[in-house]
Amino acid sequence: MTSTVRTGLALLLSASALGLAAHVAALQSQNFREAAELDELAVAAEWNARRTSGIKPELRRFEFDLATEQTRARGMRTLRVRR
């Protein structure tokens, strides 16, 4: 009887260890997939930052030119109104 109990306990312990190992392997696999996705997102973010870095000064120049043009237009209207 004791050998049957020991065998049952050993089998239960082995099954538990196997289940735990399978769960750990699944978690590790998920972590590797998420790390790979994170690496891809980091590369994409760096690429986008490099690509848009040239756009920012161009946008500032455009905004400055637009503000200058609007100021000139307001000045011209003011001159016309005063005449």
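Here we summarise the structure given alongside this text. (Residues numbered from 1 in each chain as written. Predicted model: local features only at pLDDT ≥ 70, side-chain atom pairs only at ≥ 80, totals over all residues. Heavy atoms only, no water.)

Thoughts on the pattern of salt bridges
Here is step 1 of the chain: For the structure on display, the rule yields two salt bridges.
Here is step 2 of the chain: Between arginine 50 and glutamate 46 there is a salt bridge, with the nearest N and O atoms lying 2.8 Å from each other. Remark: glutamate 46 and arginine 50 occur in helix 1 (residues 2-53); sequence separation between them is four residues, near one turn of the helix.
Here is step 3 of the chain: Judged by relative accessible area, which is 58%, arginine 50 ranks as exposed.
Here is step 4 of the chain: Put simply, arginine 61 and glutamate 58 hold a salt bridge, and the shortest N to O gap is 2.4 Å. You can see arginine 61 and its partner glutamate 58 sitting in helix 2 (residues 55-82), three residues apart, about one turn around the helix. (Salt bridge = Lys/Arg side-chain N within 4 Å of Asp/Glu carboxyl O. Helix = DSSP H or I, 4+ residues; strand = E, 2+ residues; numbered from the N terminus. Buried < 20%, exposed > 50% of the residue type's maximum accessible area, 1.4 Å probe, protein only.)

Let's talk about a negative patch on the surface
Here is step 1 of the chain: A cluster of acidic residues, Glu34, Glu37, Asp39 and Glu40, forms a negative patch on the protein surface.
Here is step 2 of the chain: Here glutamate 37 lies in helix 1.
Here is step 3 of the chain: What makes glutamate 37 partly exposed here is its relative accessible area of 48%. (Patch = residues over 30% accessible without salt bridge, like charges linked within 9 Å, V, L, I, M, F, W, Y side chains within 5 Å. Areas by Shrake-Rupley, 256 points an atom, 1.4 Å probe, with all protein chains shown as cover. Lys, Arg positive; Asp, Glu negative; His and termini not counted. Charge placed at Lys NZ, Arg CZ, Asp CG, Glu CD.)

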